[in-house]
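# A look at the structure
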Amino acid sequence: QVRLVESGGGLVQAGGSLRLSCAASGSIFSIHNMGWYRQAPGKQRDLVAVITNGGGANYADSVKDRFTISRDNAKNTILLQMNSLKPEDTALYYCYAVIESRTVTRNYWGQGTQVTVSS
């Protein structure tokens, strides 16, 4: 069984920083893309950043130059460093990963971690 566990959310003032982490564990053969989505109340879940197993990264326009995603393949973890946070970054942040097990390749999601940015 595969699990994604997130940590690092919290409350921060505008202009501050937070770092989210996500660790994958379980019956993992390999991990392809990993990334972060976020969902604010009443809105759809949107992609924030994604990173390939080769380290290539893409970001939503709204977070470019403020957020940085990184990956440690040996530890099956990703980090999201969030700087210059704005109130509009407030959302529930979900980690996701495309994970190949012995029998199937599928998407997995974490439980979500809340990020709240006060003005």
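Everything below is about the structure shown above.
Residues numbered from 1 in each chain as written. Predicted model: local features only at pLDDT ≥ 70, side-chain atom pairs only at ≥ 80, totals over all residues. Heavy atoms only, no water.

## Regarding the packing of aromatic side chains
For any pair of aromatic rings, the description consists of the separation of the ring centres together with the inter-plane angle of the planes. Per the stated rule, a full pass over the model turns up four aromatic pairs. Ring plane angle 80° and centroid distance 5.3 Å describe the contact between tyrosine 37 and tyrosine 96, whose orientation is recorded as edge-to-face. Residue tyrosine 37 is found in strand β4 (residues 30–39), and its partner tyrosine 96 is found in strand β9 (residues 91–100); the two are separated by 59 residues along the sequence. Judged by relative accessible area, which is 22%, tyrosine 37 ranks as partly exposed. Tyrosine 96 gets classed as buried once you look at its relative accessible area, which sits at 9%. Of the aromatic side chains, those joined through ring pairs into one cluster are Tyr37, Tyr94, Tyr96 and Trp109. Sitting over the ring of tryptophan 109, arginine 45 keeps its end group 4.7 Å from the ring centre. Residue placement shows arginine 106 over the ring face of tyrosine 108; its charged tip is 4.0 Å from the ring centre. (Phe/Tyr/Trp six-rings, centres within 6.5 Å; stacked < 30°, edge-to-face > 60°. Helix = DSSP H or I, 4+ residues; strand = E, 2+ residues; numbered from the N terminus. Buried < 20%, exposed > 50% of the residue type's maximum accessible area, 1.4 Å probe, protein only. Lys NZ or Arg CZ within 6 Å of the ring centre and 35° of its normal.)

## What to know about the state of the cysteines
Overall, the coordinates contain one disulfide when judged by the stated rule. Across a sulfur-sulfur distance of 2.0 Å, cysteine 22 and cysteine 95 are joined as a disulfide pair. Judged by the sign of its S-S torsion, about -80°, the bond between cysteine 22 and cysteine 95 is left-handed. Of this pair, cysteine 22 sits in strand β3 (residues 18–25) while cysteine 95 sits in strand β9, placing them 73 residues apart in sequence. Grouping residues by exposure puts cysteine 22 and cysteine 95 together as buried. (Disulfide = S-S within 2.5 Å.)

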